[in-house]
Amino acid sequence: MAEVEFERRLERLFADAPELPDAAAFASRVERRLATGWTARRWLIGAAGVAGGVIGASQLIMSNLFQRVEAAGDSAKALQQGISQLAPHEGWVSGFADGGAVVWVASALAIVAMGFALTRVIEEL
Amino acid sequence: MSGATNFSFANLHDVELATHAAAGERRAFGELVRRHGSAVRGLLRRMGAQASEADDVAQDAFLTAFERIAEFRGEGAFAGWVKRIAARAYLRRLHKERRLGPLAEDVADEPDAAAPDADAAIDLDEAMKGLSAAERVCVTMCFGAGLSHAEAAEALNLPLGTVKSHVKRGLEKLRARLAPGDDASLAGRRGNG
């Protein structure tokens, strides 16, 4: 019984640790290290996201996307001609005619989107 | 603005702070470090670490705790959880630097430090100085970090019986050194903890 009481007393003594005089400085050092690690991680994630986005977009471009969109542009032109024959005054699909610009806009959007997606995935990991 | 935020953190319970920290709020974790930093450093010193080494290990332990904060579910005290991380980190360091060898020796006739007068009230830190390194580590892990004998044996990579022997002898020495009313005298010597 006395043994158990002594063990409880010992646990209390261990738990009731004295406050060290440099406790605030210690906490600041830990917070600084946390902040440093966090900043480094964010840079790493950002760099990985951009690199992943560029690689992903380049893969898209390399996989004959350009030709496919050009073909889509040609189809749009054919469609426009067909529509213009049906309704000569309607010109709302004329924007599709410029296939090259569409490719580059799509590529830029793909880079941004893939970079964003990869960044989110890495952050979740 | 930030002062107001810090004030609100200071009023939160450890579990709430841990929840904020898990959401990436570093200032909430900073408050936890402020609250329990001394306890963790004190534990490591009682295990036998020098002050600077104890601070290094404690810092690493808190960083590890932040990384793993989502694992803290609030079932036990936050301080106990970090202490266990710190104690294990210190043991890993001892293993790595091959300073743990003597702990495995179950020395029964180790020279004993001079026992203080029966009337002299000494605090726990003073009493711990009379223990061997093995006894100090084992007693601190079991009574300071809250590990069971089996967990301590596993962390120390020692047979369970050896750990129990170290703890038993350590307790006997502490019982002889700590005066009966030392709880109160120790509390009186503490700072604002």
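What counts, and where the lines are drawn
- Residues numbered from 1 in each chain as written.
- Chains lettered and ligands numbered in written order.
- Predicted model: local features only at pLDDT ≥ 70, side-chain atom pairs only at ≥ 80, totals over all residues.
- Helix = DSSP H or I, 4+ residues; strand = E, 2+ residues; numbered from the N terminus.
- Buried ≥ 20, exposed ≤ 12 C-beta atoms within 10 Å, placed from the backbone.
- Contact = placed C-beta atoms within 7 Å.
- pLDDT = per-residue confidence, 0-100.
- Nonpolar A, V, L, I, M, F, W, Y, C, P; charged D, E, K, R; others polar.
- Axes fitted to C-alpha atoms, helices over the stretch in contact; angles between N-to-C directions.
- Parallel < 35°, antiparallel > 145°, perpendicular 65-115°, else oblique.
- Left-handed = near helix turned anticlockwise from the far one by under 90°.

1. Observations concerning the overall build of chain B
For step 1, the next point in the chain: Of regular secondary structure, chain B possesses ten helices and zero strands.
For step 2, the next point in the chain: If you list the helices and strands of chain B from N to C, you get α-α-α-α-α-α-α-α-α-α.
For step 3, the next point in the chain: Each of the 193 residues in chain B was classed as buried or not, and the buried ones make up 42%.

2. Things to note about the overall build of chain A
For step 1, the next point in the chain: Within chain A, the secondary structure is distributed over three helices and zero strands.
For step 2, the next point in the chain: Overall, chain A shows an N-to-C arrangement of helices and strands of α-α-α.
For step 3, the next point in the chain: Taking all 125 residues of chain A together, the buried fraction comes to 13%.
For step 4, the next point in the chain: The contacts in chain A between residues at least 6 apart in sequence include a share of 76% that link residues at least 24 apart.

3. Looking at the confidence of the model for chain A
Close reading of the predicted structure is inappropriate where its pLDDT is low.
For step 1, the next point in the chain: With 80% of its residues at a pLDDT of 70 or more, chain A shows a mean pLDDT of 77.
For step 2, the next point in the chain: The spread of mean pLDDT over the elements of chain A runs between helix H3 (residues 99–124) of chain A, the lowest at 74, and helix H1 (residues 2–15) of chain A, the highest at 86.

4. Some thoughts on the interface of chain B and chain A
For step 1, the next point in the chain: In this complex, chain B contributes 27 residues to the contact, which on the side of chain A involves 23 residues.
For step 2, the next point in the chain: Among the secondary structure elements, those contributing two or more residues to the side of chain B that touches chain A are helix H3 (26–46), helix H4 (51–67), helix H7 (133–144), helix H9 (160–177) and helix H10 (182–189) of chain B.
For step 3, the next point in the chain: At ten residues, H3(B) tops the list of elements feeding residues into the side of chain B that touches chain A.
For step 4, the next point in the chain: Tallied by class, the residues present in the side of chain B that touches chain A amount to eleven nonpolar, nine polar and seven charged.

5. With respect to H7(B)
For step 1, the next point in the chain: Of all twelve residues that make up H7(B), eleven are buried, and the element is covered over most of its length.
For step 2, the next point in the chain: Within H7(B), burial applies to B:Ala134, B:Glu135, B:Arg136, B:Val137, B:Cys138, B:Val139, B:Thr140, B:Met141, B:Cys142, B:Phe143 and B:Gly144.
For step 3, the next point in the chain: Tucked inside the fold, the buried residues of H7(B) contact H1 of chain A together with H3, helix H5 (78–96), helix H6 (124–128), helix H8 (149–156) and H9 of chain B.
For step 4, the next point in the chain: Taken from the residues just after H7(B), B:Gly146 is the one with a positive phi, measuring 80°.

6. Regarding the confidence of the model for chain B
Residues and elements named next belong to chain B.
For step 1, the next point in the chain: Looking at chain B as a whole, its pLDDT mean stands at 81, while 77% of the residues score no less than 70.
For step 2, the next point in the chain: Counting contacts from residues 116–121, a segment whose pLDDT is below 50, to residues more than four positions away or on other chains yields seven contacts.
For step 3, the next point in the chain: Scored below 50 in pLDDT, residues 182–193 makes 19 contacts in the model with residues more than four places away or belonging to other chains.
For step 4, the next point in the chain: On the interface metric, ipTM, the complex scores 0.72, and its pTM is 0.65.

7. Things to note about the packing of H8(B) against H9(B)
All names here are of chain B.
For step 1, the next point in the chain: Closest axis-to-axis distance for the H8/H9 pair is 9 Å, and the angle between their directions is 110°. Considering their axes alone, H8 and H9 lie roughly perpendicular with respect to each other. Here the hand of the crossing between H8 and H9 comes out right-handed. Contacts between H8 and H9 involve His 149, Ala 150, Ala 152, Ala 153 and Leu 156 from the first element and Leu 160, Val 163, Lys 164 and Val 167 from the second.
For step 2, the next point in the chain: When its residues are assigned to classes, the contact of H8 with H9 shows seven nonpolar, one polar and one charged.

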